[in-house]
Amino acid sequence: MGWIKGPKDFWSGVVFMTFGAIALVVSSTYRMGTAARMGPGYFPRALGALLLILGAIIAVRGLRSKGEPLPAFVLRPLVFVLGTVVVFGLVVPWSGVVLGTLFLIFVSSYASHEFRWKEAVVSGVLLAAAAVLVFIVGLQLQLPIWPWPWNQ
Amino acid sequence: MDVFAHLATGFGVAMTPINLVYALVGVLLGTLIGVLPGIGPVATIAMLLPTTYALPPVSALIMLAGIYYGAQYGGSTTAILVNMPGETSSVVTCLDGHQMALRGQAGAALAVAALGSFFAGCVATVFVAAFSPPLSEFALKFGPAEYFSLMVLGLIGAVILASGSLLKAIAMIILGLLLGIVGTDVNSGAQRFVFGIPELVDGIGIVGVAMGLFGFAEIVGNLESKEKRHIISGKVKGLWLTKAQFRAAWPAVVRGTGLGSVLGLLPGGGAMLSSFASYTLEKKIAADPSQFGKGAIQGVAGPESANNAGAQASFIPLLTLGIPENAVMAMMVGAMTIHNIQPGPQVVSSNPELFWGLIASMWIGNAMLVVLNLPMIGLWIKLLTVPYRLLYPAILLFCAVGVYSVNNTSMDITMTAVFGLLGVLFVKLECEPAPLLLGFVLGPMMEENLRRALLLSRGDPLVFLERPISAVMLAGVVMLLVIMTLPNIRKKREEAFQEETA
């Protein structure tokens with residue numbers, strides 16, 4: 001895209017403008033009030049407008065002055081780190097800490113270039129034991145140890 | 001000598017067995033994460049915040065504070081031995097510290113770093129104790145208009161001293177303020193930006209925001225590159241200084257302590273800024289500047305003292321004004337809020353045990369660090385040999401369980417992952433996450449003070465200029481912004497930050 005000279009600035013501006021626009025649109029349904037008696041919409045609308053303007057300035061600057069190219073997103077760590085954590089959060093109330101930990105450690109290990117499956121299994125087992133000791137026995141968190149049919 | 005009477009109260013609190021244990025846990029964990037790359041104090045405090053719910057507030061804050069200054073010690077250990085800063089505040093220690101290690105003076109470098117830090121910690125403790133009460137008394141006179149202006153000044157100041165683009169940083173603050181007001185509005189009861197998600201009614205939790213932006217994003221970033229760590233092994237001998245080394249080092253320690261204490265007070269200041277400033281100063285006034293970068297002991301002594309003094313002095317604005325000046329202090333605001341303590345000038349009078357106990361614990365923590373860390377260096381080096389591919393899944397596990405345990409909902413983990421994604425995006429776009437976190441914790445306070453100030457003035461915005469203290473602060477904001485737009489200052493600032501990252 002030849003017309004974007006500074007992609008980092010340009011896309012930052014776009015991100016800020018997006019958030020600013022969302023803030024403006026969503027808070028437009030809130031009561032504005034007056035300066036002396038501010039409603040819930042006053043502050044967010046002011047912030048949203050400010051963010052929109054700042055974002056526009058940053059984006060325009062990105063169009064005009066030269067900057068470094070945007071580094072590529074590397075999908076493997078992104079998906080395997082963040083995705084695994086989300087799944088862990090969703091299943092752990094039913095799967096229990098042991099299975100959850102085995103899953104999280106094994107699958108998130110795959111995010112690394114240096115993945116070795118034997119190592120990941122061993123570390124998963126050790127950490128599952130550690131997790132039970134630290135979180136359940138030590139800190140007494142409200143989480144089941146074993147999967148749903150076996151916890152109480 | 002009021003200060004010493006107060007400190008005596010503080011020591012009474014900090015010396016109770018339970019608080020000693022938490023100080024120890026804090027500094028050990030701090031050292032650990034200081035040694036390990038890939039996880040910083042902000043993410044660690046976020047991780048441990050949930051576990052402090054059940055603790056008395058003093059113990060919780062003592063432990064969390066220990067993490068911050070403990071991290072400075074740990075960071076310098078890896079900087080010297082492995083030429084890899086465990087924390088950003090020890091980047092400059094790499095320059096001369098590692099050179100000393102290569103020349104077989106690793107022991108001396110470690111010793112001067114530890115002793116310098118300890119000296120700085122002692123001085124900074126007294127400094128915090130002496131400075132905080134008058135400042136908080138002054139701040140008690142502040143009305144909402146003054147507070148609002150102070151927050152604007154604090155936020156803008158923090159951004160100017162941070163690296164990177166000024167406009168982007170201000171945009172990040174505003175985004176943070178917006179995220180901070182998500183949830184139920186205290187005044188009207190209206191639900192804002194909730195999008196029908198019940199977990200958002202109480203607002204977004206600071207643990208998720210900080211862990212996503214600082215923890216997850218960092219892990220993902222580390223995994224993107226294939227860089228390998230090179231570990232030097234071998235025993236460190238002679239953990240002491242020769243007379244000549246001592247003579248060369250102590251003036252630098254004193255200067256670094258002074259510089260750190262002052263710079264720590266500034267918004268955006270703290271450990272990192274202080275260490276850079278001290279290195280530059282030592283190099284400027286050295287009899288033989290060419291020795292710097294080749295193992296000059298002053299280049300270790302100064303910055304190491306400065307970063308510790310800076311770390312501790314940055315508690316002053318937090319404890320007296322309720323204004324966090326860097327991301328770690330923002331986490332402390334979160335911790336205090338969780339324990340129903342509103343950070344601000346009233347803390348000294350309403351919670352004297354907490355206030356003085358925390359200050360006294362800083363000195364105790366520093367003493368523990370000197371006594372424990374020098375003998376434990378072998379263990380820390382061993383830890384460094386654990387490959388990152390084994391380390392990060394374990395960190396993820398602790399993060400995930402920590403976030404989940406705040407409210408026992410899966411939604412919190414998903415939210416943290418969303419902030420992790422945002423954090424990765426911000427790294428690519430070169431937008432610093434720290435201003436966002438500052439805005440996030442100040443958001444609700446800022447709205448409240450703006451609202452009250454304008455209510456009292458019947459909607460007249462001139463109130464911010466008519467009240468002298470507020471006007472001075474806003475003048476400061478304008479001055480800072482004008483100075484920053486002057487072309488040659490902007491160039492200088494860019495150069496300075498380039499030097500830092502190089």
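Residues numbered from 1 in each chain as written. Chains lettered and ligands numbered in written order. Predicted model: local features only at pLDDT ≥ 70, side-chain atom pairs only at ≥ 80, totals over all residues.

**Some details on the overall build of chain B**
Next up, step 1: Helix and strand counts for chain B come out as 22 helices and 2 strands.
Next up, step 2: A principal-axis box enclosing the C-alpha atoms of chain B has dimensions of 70 × 55 × 50 Å.
Next up, step 3: Sequence-distant contacts in chain B: of pairs separated by 6 or more residues, those separated by 24 or more amount to 79%. (Helix = DSSP H or I, 4+ residues; strand = E, 2+ residues; numbered from the N terminus. Contact = placed C-beta atoms within 7 Å.)

**Description of the overall build of chain A**
Next up, step 1: A tally of helices and strands in chain A yields 4 helices and 0 strands.
Next up, step 2: Each helix and strand of chain A, placed in order from N terminus to C terminus, yields the pattern α-α-α-α.
Next up, step 3: Relative to the 2.2 N^0.38 estimate, which gives 15 Å for 152 residues, the radius of gyration of chain A is 24 Å and therefore markedly larger than a compact globule would have.
Next up, step 4: If one aligns the C-alpha atoms of chain A with their principal axes, the spans along those axes are about 55 × 50 × 25 Å.
Next up, step 5: Here chain A holds 152 residues, and 38% of them are scored as buried.
Next up, step 6: Put simply, of all contacts in chain A between residues at least 6 apart along the chain, 67% involve residues at least 24 apart. (Rg over C-alpha atoms; globule rule 2.2 N^0.38 Å. Buried ≥ 20, exposed ≤ 12 C-beta atoms within 10 Å, placed from the backbone.)

**Re the nonpolar core**
Next up, step 1: The biggest cluster of nonpolar side chains holds 215 residues, and the ones touching the most others in it are Val81 of chain A together with Val112, Ala210, Ala400 and Leu437 of chain B.
Next up, step 2: If you tally residues by element for this core, the top one is helix H6 (residues 106–139) of chain B, at 18 residues.
Next up, step 3: Residues contacting Val81 of chain A, with those up to four places away along its chain left out, are Ser108 and Ala111 of chain A together with Phe216, Ile219, Val220, Leu223 and Leu396 of chain B. (Core = buried A, V, L, I, M, F, W, Y, C linked by C-beta atoms within 7 Å.)

**Remarks on the interface of chain B and chain A**
Next up, step 1: Between chain B and chain A, the residue contacts involve 51 residues of the former and 58 residues of the latter.
Next up, step 2: For the side of chain B that touches chain A, the leading source of residues is helix H17 (residues 388–407) of chain B, giving 10 residues.
Next up, step 3: Class assignment for the residues of the side of chain B that touches chain A results in 32 nonpolar, 8 polar and 11 charged. (Nonpolar A, V, L, I, M, F, W, Y, C, P; charged D, E, K, R; others polar.)

**As for helix H14 (residues 327–338) of chain B**
All names here are of chain B.
Next up, step 1: Taking 1.5 Å of rise per residue, 12 residues should cover 16 Å, and H14 covers 17 Å from first to last C-alpha, within 8% of that figure.
Next up, step 2: By the criterion of burial, H14 is predominantly enclosed, with 10 of the 12 residues buried.
Next up, step 3: Among the residues making up H14, those that are buried are Ala327, Val328, Met329, Ala330, Met331, Met332, Val333, Gly334, Ala335 and Met336.
Next up, step 4: Residues of H14 that are buried sit in contact with helix H3 (41–48), helix H4 (57–82), helix H9 (206–224), helix H13 (315–321) and helix H19 (434–456). (Expected span 1.5 Å × (residues − 1).)

**Thoughts on unusual backbone geometry**
Residue and element names in this part refer to chain B.
Next up, step 1: A positive phi is found at Phe193, a non-glycine position, where the angle reads about 50°.
Next up, step 2: Structurally, the position occupied by Phe193 is in the loop between strand S2 (191–192) and H9.
Next up, step 3: On the basis of neighbour count, Phe193 is assigned to the partly exposed category, with 19 C-beta atoms found within 10 Å.
Next up, step 4: Phi at Arg458 takes a positive value of approximately 55°, unusual for a residue other than glycine.
Next up, step 5: With respect to the helices, strands and loops of the structure, Arg458 is situated in the loop between H19 and helix H20 (463–466).

**Considerations on the confidence of the model for chain A**
Next up, step 1: Scored by pLDDT, chain A comes out at a mean of 88, with 97% of its residues at no less than 70.
Next up, step 2: Per-element averaging of pLDDT across chain A places helix H4 (residues 117–138) of chain A at the bottom with 87 and helix H1 (residues 7–27) of chain A at the top with 94. (pLDDT = per-residue confidence, 0-100.)

**Some points on helix H1 (residues 2–14) of chain B**
Residues and elements named next belong to chain B.
Next up, step 1: Here H1 contains 13 residues, and its C-alpha end-to-end distance of 18 Å stays within 8% of the 18 Å for a straight helix at 1.5 Å per residue.
Next up, step 2: Along H1, the residues that are buried comprise His6, Leu7, Gly10, Val13 and Ala14. Buried residues in H1, looked at end-on, bunch into an arc of 110°, giving them a common side. Looking at H1, the residues exposed on the side facing more than 90 degrees away from the buried face are Phe4, Ala5 and Ala8. (Arc of directions from axis to C-beta.)

**With respect to the confidence of the model for chain B**
Next up, step 1: Predicted confidence across chain B gives a mean pLDDT of 85, with 92% of residues reaching 70 or more.
Next up, step 2: Both confidence scores are given for the complex: pTM 0.88, ipTM 0.92.

**Section: the packing of H1 of chain B against helix H16 (residues 352–384) of chain B**
Packed helix pairs are specified by the crossing angle of their axes together with the interaxial distance, meaning the distance between the axes.
Residues and elements named next belong to chain B.
Next up, step 1: For the pair H1 and H16, interaxial distance at closest approach is 7 Å and the crossing angle is 80°. Taken as axis vectors, H1 and H16 run roughly perpendicular relative to one another. Residues His6, Leu7, Thr9, Gly10, Phe11, Val13 and Ala14 of H1 touch H16, and the partners they reach there are Pro352, Glu353, Trp356, Gly357, Ile359, Ala360, Ser361 and Ile364. (Axes fitted to C-alpha atoms, helices over the stretch in contact; angles between N-to-C directions. Parallel < 35°, antiparallel > 145°, perpendicular 65-115°, else oblique.)

**Quick word on the environment of Val201 of chain B**
Residues and elements named next belong to chain B.
Next up, step 1: With respect to the helices and strands, the residue Val201 is situated in the loop between S2 and H9.
Next up, step 2: Judged by the 13 C-beta atoms lying within 10 Å of it, Val201 falls in the partly exposed class.
Next up, step 3: In the structure, Val201 is positioned 16 residues away from Asp185 in sequence and 9.4 Å away in space, judged by C-alpha atoms.
Next up, step 4: For Val201, the residues in contact, after removing those within four places along its chain, are Gly183, Thr184, Gln191 and Val194.

**Observations regarding the environment of Ile359 of chain B**
All names here are of chain B.
Next up, step 1: Considering the arrangement of structural elements, one finds Ile359 in helix H16.
Next up, step 2: Residue Ile359 is classed as buried on the basis of its 27 C-beta neighbours within 10 Å.
Next up, step 3: In this structure the C-alpha to C-alpha distance between Ile359 and Ala124, which are 235 residues apart in sequence, comes to 9.6 Å.
Next up, step 4: With near-sequence residues (within four places) excluded, Ile359 lies in contact with Gly10, Thr125, Val128 and Ala129.

**Let's talk about the packing of H1 of chain A against helix H2 (residues 42–64) of chain A**
Residue and element names in this part refer to chain A.
Next up, step 1: Where H1 meets H2, the axes come as close as 7 Å, and the angle between the chain directions of the two elements is 160°. Put simply, H1 runs roughly antiparallel to H2. As H1 packs across H2, the resulting crossing turns out to be left-handed.
Next up, step 2: Residues of the contact of H1 with H2, tallied by class, amount to 19 nonpolar, 7 polar and 3 charged. (Left-handed = near helix turned anticlockwise from the far one by under 90°.)

**Side note on the environment of Leu50 of chain A**
Residue and element names in this part refer to chain A.
Next up, step 1: If you trace the backbone, Leu50 turns up in helix H2.
Next up, step 2: Classification of Leu50 by C-beta neighbours within 10 Å gives partly exposed; the count is 19.
Next up, step 3: As a C-alpha pair, Leu50 and Pro77 span 27 residues in sequence and 34 Å in three-dimensional space.

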